[in-house]
Structures are given as C-alpha cells and as structure tokens.
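So the chains spell out like this:
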Protein chains: 4
Amino acid sequence: MHLSTILLTTLSVLTSSFELIPAVFTPFTEDGSIDYPKIEPYSTFLKEQQNISTVFISGTNGESLSLSLEERKRLTDEWAQTSSNVIVMVSSESIVDSVELSSYVKTVSETNSNIISVAAMSSSFFKPSTAQDLVDYLKPMAEAAAPLPFRYYHIPSMTGVSIDMIEFQDLVEDQIDTFVGIKYTDTDLFTLRKLILNKGEGVEHFWGKDEILITGIATGATSAVGSTYNFMGRTGYDIVNAFLTADLPSAQSQQDKIVNVVSSWGNLGGIPAQKAIMQMVGMDLGRGVRTPNRALTDEEYDDLEEKLKEVGFFD
Amino acid sequence: MHLSTILLTTLSVLTSSFELIPAVFTPFTEDGSIDYPKIEPYSTFLKEQQNISTVFISGTNGESLSLSLEERKRLTDEWAQTSSNVIVMVSSESIVDSVELSSYVKTVSETNSNIISVAAMSSSFFKPSTAQDLVDYLKPMAEAAAPLPFRYYHIPSMTGVSIDMIEFQDLVEDQIDTFVGIKYTDTDLFTLRKLILNKGEGVEHFWGKDEILITGIATGATSAVGSTYNFMGRTGYDIVNAFLTADLPSAQSQQDKIVNVVSSWGNLGGIPAQKAIMQMVGMDLGRGVRTPNRALTDEEYDDLEEKLKEVGFFD
Amino acid sequence: MHLSTILLTTLSVLTSSFELIPAVFTPFTEDGSIDYPKIEPYSTFLKEQQNISTVFISGTNGESLSLSLEERKRLTDEWAQTSSNVIVMVSSESIVDSVELSSYVKTVSETNSNIISVAAMSSSFFKPSTAQDLVDYLKPMAEAAAPLPFRYYHIPSMTGVSIDMIEFQDLVEDQIDTFVGIKYTDTDLFTLRKLILNKGEGVEHFWGKDEILITGIATGATSAVGSTYNFMGRTGYDIVNAFLTADLPSAQSQQDKIVNVVSSWGNLGGIPAQKAIMQMVGMDLGRGVRTPNRALTDEEYDDLEEKLKEVGFFD
Amino acid sequence: MHLSTILLTTLSVLTSSFELIPAVFTPFTEDGSIDYPKIEPYSTFLKEQQNISTVFISGTNGESLSLSLEERKRLTDEWAQTSSNVIVMVSSESIVDSVELSSYVKTVSETNSNIISVAAMSSSFFKPSTAQDLVDYLKPMAEAAAPLPFRYYHIPSMTGVSIDMIEFQDLVEDQIDTFVGIKYTDTDLFTLRKLILNKGEGVEHFWGKDEILITGIATGATSAVGSTYNFMGRTGYDIVNAFLTADLPSAQSQQDKIVNVVSSWGNLGGIPAQKAIMQMVGMDLGRGVRTPNRALTDEEYDDLEEKLKEVGFFD
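Residues numbered from 1 in each chain as written. Chains lettered and ligands numbered in written order. Predicted model: local features only at pLDDT ≥ 70, side-chain atom pairs only at ≥ 80, totals over all residues. Heavy atoms only, no water.

Caption draft 1: Broad picture of the pattern of salt bridges. Counted under the stated rule, the structure contains 44 salt bridges over all chains. Here C:Asp133 ties to B:Arg294 by a salt bridge, and the two come within 3.9 Å at their closest N and O atoms. Residue C:Asp133 is located in helix α5 (residues 131-145), and its partner B:Arg294 is located in the loop between α12 (270-280) and α13 (298-310); the two belong to separate chains. Take C:Asp133: its relative accessible area is 9%, and that puts it in the buried class. Here B:Arg294 falls in the partly exposed class, since its relative accessible area comes to 35%. A salt bridge links C:Asp35 to C:Lys38; the shortest N-O distance between them is 3.3 Å. (Salt bridge = Lys/Arg side-chain N within 4 Å of Asp/Glu carboxyl O. Helix = DSSP H or I, 4+ residues; strand = E, 2+ residues; numbered from the N terminus. Buried < 20%, exposed > 50% of the residue type's maximum accessible area, 1.4 Å probe, protein only.)

Structure follows, in structure tokens:
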C-alpha cells in the first residue's frame, strides 16, 4: 500500500502537466468566407465548457490547405486576440507561402505572447524522398519563425509521406535549433515509443489520435492534440486522470465515450461531422466546409444527432 | 485510498488471467527438413525458462505457409506429445489442404486434451472481397475442427486483406458456432477497441504486437500472442503485472526491453533474427529458414549479438 | 510504297510467330472436386473453336493456389494426354511443394513432349525482400524441372511483390540456366520495355493483359497469355494481325470487343465470371470456384449474359 | 496493297493532328525567385528547336504547387506574351486560390488569344471521396474560367486520388459545360480505352506518359502532354509519325531514345534531372528547384551527362 501511495503521488504530477489541445475548426459564414467574429466566443467556449487553454490552429481540422494565405494570416490575428495559448500550423504546399506565414506568425507573436509555437507538416503533392529532404523542407519555416518553438506535425495518412522517423528526429534535433517536438498522428505506436526513447532533452511528443488516447499515454506521450477535445475536453481529461491514477477500467470507460462518438459519424468525414457536433453543443461555427470536403445534408445531420443520442453523448 | 485498494485487488485478478502465448518457430535441421526431436525440449524451455504454458503453432513465425501439409500434421503430433497447451493455425492458401489439416487436428485433439483450439487466417493470394466471403472461407475449417474452439487470425500486413472487421465479427459470431475470438495483429487499436465493445459473450481478443504490448492491454485485450515471448516471456509478464498493478513507469521500462530487442534486428527479418536469438539463449532451433525468407549470415548473427549486448539483453 | 511493302512482309513474319496462350480454368464438378474428364474436350474446344495450340495451366485462372499438390499433379497428367502444348505453373506458397511439383512435371515431360515449360511466381504471404531473394526462391524449382525451360510469372497485383525487375532479370539470366522469359502481368509498360531492351538472347516476354493486348504488342512482347483467349482466341488473333499489318483502327476495334466483355463482368470477379462465359459458349467447366472466390448466382449469371448480348459478344 | 494505300492516307491525316505538348518547367534565378525573362526565349526554343506550338504551364513539371498565387499569375502573363499556345493548370490545394487563378487566366485570355484552355487536377491533401465530390471541386474553377475550355488533369500517382474515372467522365460531361477532355497520366490503359469508348463528342484524351508514348497512341489518345518533349520534341514526332504510318519497328526504336533518357536519371527526380538536361541542350532555366524537390549536385549533373552520352542522347 505504501508503494501505491508513492505511485499515485507521482502520477498526479504527471497528470497535472498532461495537456489536451484541440485542433480547432475554421468557422465559415453561409457564403463560404471565414466567420472571424466567431473566434473570440469559440476560445471562451473551449476555456469555460471544455477546460481547454491551448489550441492548435490552421491544421487539418482547420482546413488550412483549403484556405488562402491571407485568410491564414487573419486567423492568426484573431486567435492572437483571444486568451487561448496558440500553436499555429504554418505549412502549405508552397514553401514560399509557408515561409511568409511563418514570418508573419513570428511578428504577431512579438506583441502577443499567447502565440507560443509554430508547427509544420510535410508537403503532400511533392513529397520529400529522404529524412534530410524533409528537414530541408521544414528548416526555412522554422528559421522564419525563430525564436518561436517549432514542432513537426507527422500525419502520414494525409500526406502520404513515409520517412524513417527515427532518422528524421536525429537530423531535425541536430539541424533546427528551435525544434521542440512532434505532433504524432499515426497508429504506429512502436515507432512513437522509439522516438520517445531516442529523443533529446526538451523534446516532447504530442499524441494525435484521440479515439485511442489511452494508448498514446501508455506509450509515453506528454500531451495530446485532437479534434474531439473541441467538444469532449472534459471527457479527455477524465481519461487522462483515470489512466494516470491507475484506474484502467474507468479510463477505458471514459475512452469509450470518444470511441462511440467517433464511430457515430462513420463515413461522413470527420471535419463536417464534427462541425455539425459543434452546432449541436451550442458553439455554432457554421456547417459549411470547403470543397473537396462536403458539408452534411440536413438528413445526415439529423441521423448523426440521433446516433449520438443513442450512445448517450448528450447525457 | 480505499478505492485504490479495491482497484489493485480487481487488477490482480485480471493479471492472473492475462496469458502470454508465443507463436513458436519451426526448428530445421541443416538439410532444411523439420527437426522434430527439438519440439519436446522447446516446450520444456518455454515452460521452465519463459514461464509459458500455451503455444501458437504453425503460424507466421512457424513459417506455416512454407511447410507441406504432411509437415504441419507431424508438427501437430509432436506438439500434442508435449505438456504445452497448443493452438494450431490450420489455414493455407488452399481450402482443401486447410480443411484436411483442421480435420486432422480435431482427431489428434480427441486423444490429446492439450490441443485446445484451432486458428485460421485469410488466404492472401486470392483475397475475400467481403466480410461474408471471409466467413465463407473460414467456415469449412471451423466445421472440420468442431467442437474445437475456432479463432480468427487477423494479420492484414501479411495477407493484404482489408475487410471491415466490425461487420466481420458480427457475421462470424452468428455463423460459426465454435468461434471464440480473434488474434488481432494490426496497429489499428481504434478498431480493436470497437471489436471489444461489440463482442458477444465468451469472445476474446488476443493482442498480436509484442513490441507495444502495453497498448493492447490498455485497449482491453485479454491475452497476447507474439514472437518475443519465446525468449522474453518473463519480461512480458513483468509488463503485464506492472501495467495491471498501476505502475506505468515500470511497465514502460519493461516494455522498452522488448522495444530495444526488436529494434536490434532492423531489416534482417523477424523470423531469421529471432531464430538466431533462440540459439543465443540456448534453445537451438537451427538458424535455417525456408526461402523466400533468408537466414542470417555469420556476420549478421555476430552483429545482432553485439547489438543485443549493447541494449542489455543478456544481462 | 516500296518501304511499306517491305514492312508488311516483315510484319507478317512477326505475326505468324506471335502466339496467344490462354491461362486455362480448372473444371469442377458439383461437389467441388476437379472434373478431370473435361480436360480433353477443353483442349479440343480451344484448338478447334479458338485456334489455340498452347495452354498455361495451374496459374491464377486455374485457381492453382486453391488446389492441393495432388490435384495439381493430376491436372498435369491430364493435360499431358491432350494434344495441346502445355506450360505448367508450379509454384505454391511452400517451396517444398513447389519443388515437388516441378520435379513431377519434369518426369511427366520425359514421356510427354507437349509439356514444354514450367513457370513460377513469387510467394505472396512471405515476400522476397530483394531481387536476389526472389532468384533464390525460384532457383530450386527451375533446377528440379531442368532441362525444361523456366519462365518467371510476374503478377504484382496478386502477389504484392515489388522487386526491381531490371535487376531481377539480370540476376535470373545469370543464375538460372533454363530461364527463357517472363510472363509480364502488370500495367507498367515502361518497365516492360526496359526489360525487353536489356534482355539476353533467347529470352522472351509474354504479355499478360488481354484487355490491352495492343499496348503489349506495341511495347514489343512476343506472345501473350491471358484469360479471354479461352473464348475469344480468334478475336485475339484478329487484333494481332490487324496491329501487325498496320491497321490500327481495325486493331482497336477488335480490341474493343475484349474491352467490352471484360467491362461486362464489373466486380463479379474475373474467374467466376469467365467460367460462366465458358458455359455460355458451350464449353461447360462447371460454374463452381473455390473459396475465397465466389461463384456467380443464377441472377448474376443472367445479368452477365444480358450485358454480353448488349455488347454483341454472341453475334 | 490497295488497302494499305488507303490506310496510310488515313493515318497521315491522324498524324497531322496529333500534337505533342510539353509540360514546361519554371525557370528560377540563383536566389530562388522565378526568372521571368527566360520565358520568351524558352518559347522560341520550343518552337524552333523542338517543333512545339502548344505548352502546358504551371503543372507538375512547372512545380505549380510550390509557387505562390502571385507567381502563377505572373507566369500566365509572361507566357501570354509569347507566340506559344498556352494551357494553364489552375488548381492548388485551396479552392479559393484555384478560383482566383482561374478567373485571372480568363481575363488574360480575353486579350491574349493564345491562352487556349485551363486545366485542373484534384487536391491531394484533402481528397474527394466520390466522383461527384471531384466534379464539385472542379466546377467553380471551370466556371470562373468559362468560356475557356476546361480539361481535367488525372495524375493519381501524385494526388493519391482513386476515383472511378468512367463514372467521373459521365458526371463531368453532364455538369461542366466547358469540359473538353482529360490529360490522362496513369499506367492504367484499360481505363483510358474505356474512357475513349464512352466519351461524348468533342472530348479528347491527352496521353501523359512520354516514356511509353506509343502505347497511348495505340490506345487512342489524340494528343500527348509530357516532360521530355521539352528537349526531345522532334523525337516525339518521329514516334508519332512512325507509329501512325505503320512502321512499328521504327516507332519502337525512336521510343527507346526516350526510354533511355528517362532511365538515365534513375532516382534523381524527374524535375531536377530534366532541368539539368535543359541546361545541357542550351536552354538554361537554372538548375534550381523548390524544396521538397532537390536540385542536382554538380557531381550528379556530370554523372547524368555521362550517362546521356552513353545512350547517344547528344548524337
């Protein structure tokens, strides 16, 4: 029992530092332009309803690659005006645009200390062939944003990029001074564990699969970025707390709430389905998404709501 | 603290039932034929050195698809003579051979109660197109082996078969009476959790990724099948016990022993590398494997041994 | 006009040597066993109705991997009794079985000169990692069959094996004395052309995509193996003759007959659909196929027949 | 012989209309910005040295996705000032930018009649799920560019988009008035033939694989877009003429010149390798490419030049 007490104490320290970071959606008006006035209430909603302090903007959920450079700059401005801590995803397919956005974010951060980091993923149309090519691709962005910390956003299911991540981490730690971690969105947890074992000091791994959050914690991730934390932030923290205080059955049971919600939208597409859910929970960001994503029809919206009722989402 | 006491008690029950099952290798003589006399000492080694009671024979590690039907029958006979509990993988690409082996295993089991189950995977050259086609493929094997329990062996990275597993589990539970579970060898833990949530009574999920054993336990698997339990069975149980008694740091640290060993063999091929390791730990099964797998050269063997020394495998 | 005369003369020589070789189906009885008495009339049908002299047996269309070793031996015996020239596909997943069948075919060929060659593909569950591993896998089969000529059967869409074919051809020419060619079943015609440019003397490339036969001829293949030649052999030769006598519009128009037939069966599966077509054209091989392939239902059969009528197949 | 005369006459008509269209590169200065003054001499080079009248700009070879919107507008302006006919690829990952560029090209075309068409490919990070989603994605671009003709650029190896092309063509013909054809860059010639058989009036298929140009002609493509026509335009026309005048051996022999050149650059990357070749043939566009593509080192440049000498490229 003595040991257990020590353990629980140790774990509660861990727990207090494990942060959940929603990858936020981009609100659209009916005519398809960005609904900037929604950013402030969105930030407040996350803080007050979801217990969320930090957001990841302009990422996959934010449909970044479907936005223009000007829109992404303006989004940065708007989030900088909130009280959320902000990580800005800066990459696009064009290195020219990516560097310009990086540089812009750095400037904004100089007068807005809540801009805490930039992140970038690989381009997906043209793909780097080697780990070094990937570092070479990221470096100009990191340099334009310095001294802001730089995170690599690993999401091979979307980019189609399969680079040896262990080799990449060695190279990036060596060559990019501001590198502080990886947002790891992949099911390959063996590689994640190897990355954690091999990492240098000050490097962190954010876990990007919210539907299996517990496996990322078990593997040693120190924070998590995900989409469901937009509307299930408290559930997310329940999972973290249960897991880290050794209550596996409860952690699984909380995790299953997210599993059931994610299962509910089936093939509707994660972004439009979750924008619909945001409406359902009272934080209306518009139901629109940019093509080639496709917004839910009214019928699909109602079906989804019905399914969510069945799994107790609104209880 | 009261709650914690209850928890630890509950977990220790779980722990005691969580079983580690090595997928055993097939020993070869110098001339490439099966070295049957090695089976008995191999079983003893597993029991005494590795704390292992149950084995999975004629699976991927056993190079089953590289064996003839007669060899697989004889392997069944030999393992039936040991004191190990035995699960026999019965499928091959030909349904005719698969059914014949199923039927044979059933007969052997009638006089050898340690033959406790059969398992089968999908064919990989011709692939079932639908979940129903997969059930139709498995059914004749299950029926030939009945009343022996039947397990489905899911290993899409080898078979290339991507069937909706949730639909499959519904169909197989309904249509195969002797179905008792799935050996799940895939990194998609979201689907594994959904399978566990949807499963009928008496159905179990064996986790097939030993290098990330803790993530499978966290997800709710009730046993595990893997290759490293052949020589790191006790480490495997240390992981299980640490994890289920709420000691995550220790579970991770034990898990890392397996991570480091698996990392050591790099691109050498899991089967030949682990046969070499069996030699190193004193259970010589021969170093040979059947083509298209390729045995380690002496140099590769020495390099591997060196790397294993570096990560403390022999300590 | 003078040049044209020379050309047409040259091409007619080419034409006369370009051979179409059906990959034959395996006839089954109602109870699922092989219907051996159908082999002789099948051979006669091919010769008299389809203008076919040489067959490729025990290949993908023949559902070889779904047969037992004994069945494949017996199939060899039966085809040896016909007047067709026979190429026997000898590989299975197990090298032991593959070598035994190779050796058996060689013995049969000693008293049956119409057995003219063996062929083998890569195993698909265990995959060779390198071109050398693939040669090492094929070599024992080639040696067991020597002095029968040996062909490699390249069909990556089924085996999942992606080896550098240029490197492979160099190695196999060097290391397997009886190697005489490749049956190339892939859409990568750039690589096919490079193989043809790099090939040694006496090596031939059989083209395995009948629905785009003209592209294989254009690329320089010297013969073709395919499934539709079982019932559209004369159309196949019409394509060859039109193409090689410089009548591209006619070659395309003949080719479109095959395009339309192949399109007719959509997702039904090539093997069961074509067995149904064999019934329709009066060469009844049974409609059955071995699981995981699935035979056409009566309704699917009728629908297919209707579609074939619409595209003029029976005219 | 009479028939042959007719044929050759018919084919010569075909030949005269078969056009080769290079996908042009984007010239960069030493500092990585676009070297606009090179466009005019590049156009002249293509016309005078390569017999080329029409160019495809801002496509894959042009590294379009690595450019900014402003750069792509300016490129359009510059090419509009040349005497080349110009097809402008307008899509980027963001539909907003894509529509803006489409609209810009339309405006430029109003005063520059040599801007003859726009083309667009699918986005690759977010992928359309259905054929209808793809049409919905393309439609705003086509509408913004109307009445300029619209072409779909199919290049699944880069975009990762696998949509049923037959269904897509039906939908796009029905829903986009200005649709006039597909630039088909894929090895699946069976689907290309089905597209040609199913196409409506006025729809054309451009063949996008120059290393196997003859197979595209054999399949019925009416023009070709490719990279090697930048420096082997005359060879390209030699292939077309030989093929369409029934001289297959000569067509193959000319084709092999392109095969050998493409083979020469191995894994160096098609874009940087061909920019190096442009330097070698006297049309210096700079050797630079934008990351994640990587320019040839001096050593790689020299090696490539050596290999090209060996295959007689400079003869």
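There's more to say after this.
Caption draft 2: Here's a closer look at the side chain of C:Ser122. Residue and element names in this part refer to chain C. In this fold, serine 122 is placed in the loop between β4 (115-120) and α5. A relative accessible area of 3% places serine 122 in the buried class. Excluding residues that lie within four positions of it along the chain, serine 122 makes contacts with Pro128, Leu134, Tyr137, Tyr152, Tyr153, Thr159 and Val161. (Contact = heavy atoms within 4.5 Å.)

Caption draft 3: Summary view of the UniProt feature "binding site: pyruvate" (unreviewed entry) in chain A. Residue and element names in this part refer to chain A. Per the UniProt annotation, the sites labelled "binding site: pyruvate" (unreviewed entry) are Val225. Among the secondary structure elements, valine 225 is positioned in strand β8 (residues 223-226). The contacts of valine 225, once residues within four sequence positions are left out, are Ile21, Ala23, Phe56, Lys183, Phe206, Trp207, Gly208 and Lys209. (UniProt positions renumbered as here; feature names shortened; annotations may be inferred.)

Caption draft 4: The arrangement of the nonpolar core in detail. One finds C:Phe168, C:Phe243 and D:Phe243 to be the most contacted residues of the largest nonpolar core, which totals 218 residues. At nine residues, the largest contribution of residues to this core is made by helix α10 (residues 229-244) of chain C. D:Phe243 has contacts with C:Ala218, C:Phe243, C:Leu248, D:Ile214, D:Ile217, D:Ala218, D:Leu248 and D:Ala251, leaving out every residue within four places of it along the chain. Core analysis: the second largest hydrophobic core is formed by 217 residues, A:Leu101, A:Met165, B:Leu101 and B:Leu171 among them. (Core = buried A, V, L, I, M, F, W, Y, C linked by side-chain atoms within 4.5 Å.)

Caption draft 5: Focus on the sheet that holds strand β2 (residues 54-57) of chain B. Residue and element names in this part refer to chain B. In spatial order, the strands read β1-β8-β7-β6-β5-β4-β3-β2; together these eight strands make up an open sheet with parallel pairing. Of all strands in the sheet, those bounded by a partner on one side alone are β1 (19-22) and β2. With direction set aside, neighbouring strand axes in the sheet form an average angle of 25°. Pairing geometry for β2 and strand β3 (residues 85-89), over four bridges, is parallel. (Pairing = 2+ DSSP bridges. Axes fitted to C-alpha atoms, helices over the stretch in contact; angles between N-to-C directions.)

Caption draft 6: Geometry of a negative patch on the surface. Taken together, the side chains of A:Glu299, A:Asp302, A:Asp303, A:Glu306 and A:Glu310 define an acidic patch exposed on the protein surface. Here A:Asp303 shows up in helix α13 (residues 298-310). (Patch = residues over 30% accessible without salt bridge, like charges linked within 9 Å, V, L, I, M, F, W, Y side chains within 5 Å. Areas by Shrake-Rupley, 256 points an atom, 1.4 Å probe, with all protein chains shown as cover. Lys, Arg positive; Asp, Glu negative; His and termini not counted. Charge placed at Lys NZ, Arg CZ, Asp CG, Glu CD.)

Caption draft 7: Spatial organisation of unusual backbone geometry. That bond from A:Thr291 to A:Pro292 is cis: its omega, 15°, falls within 30 degrees of zero. Within the fold, A:Pro292 resides in the loop between α12 (270-280) and α13. Omega for the peptide link from D:Ala146 to D:Pro147 comes to 10°, which places this bond in the cis form. Mapping D:Pro147 onto the fold places it in the loop between α5 (131-145) and β5 (150-154).

Caption draft 8: A look at the environment of A:Gly32. All names here are of chain A. Position of glycine 32 relative to the elements: it lies in the loop between β1 (19-22) and α2 (39-50). On the basis of relative accessibility, which here comes to 30%, the residue glycine 32 falls in the partly exposed class. Residues glycine 32 and glycine 286 lie 254 residues apart in sequence; the distance between their C-alpha atoms is 9.3 Å.

Caption draft 9: Seen up close, the interface of chain B and chain C. Contacts between chain B and chain C engage 30 residues on the former and 30 residues on the latter. Both faces combined, the contact of chain B with chain C buries some 2,700 Å², and carbon together with sulfur accounts for 66% of it. Per-residue buried area on chain B facing chain C is highest for B:Phe125, B:Phe126 and B:Pro292; these three make up 31% of the total on that side. Along the contact surface separating chain B from chain C lie seven residue pairs in polar contact (both at pLDDT 80 or more). (Buried area = accessible area lost by both parts, 1.4 Å probe. Polar contact = N/O pair within 3.5 Å; in protein donor to acceptor, adjacent residues only side chain to side chain.)

Caption draft 10: Quick look at the sheet that holds strand β4 (residues 115-120) of chain A. Residue and element names in this part refer to chain A. On the basis of which strands lie adjacent, the open sheet formed by eight strands has the order β1-β8-β7-β6-β5-β4-β3-β2 and parallel pairing. Each having just a single partner strand, β1 and β2 (54-57) make up the two edges of the open sheet. Taken pair by pair, the neighbouring strands of this sheet meet at an average axis angle of 25°, ignoring direction. Its contacts with the sheet place helix α5 (residues 131-145) against β4 and β5 (150-154), and it is angled at close to 140° to β5. Packing of helix α10 (residues 229-244) onto the sheet brings it into contact with β1 and β8, and relative to β1 it is tilted by some 165°.

Caption draft 11: The arrangement of the arrangement of the chains in detail. Here chain A and chain C are not in contact; the least distance found between their C-alpha atoms is 17 Å. Across all C-alpha pairs, the smallest distance from chain B to chain D is 17 Å, and the two are not in contact.

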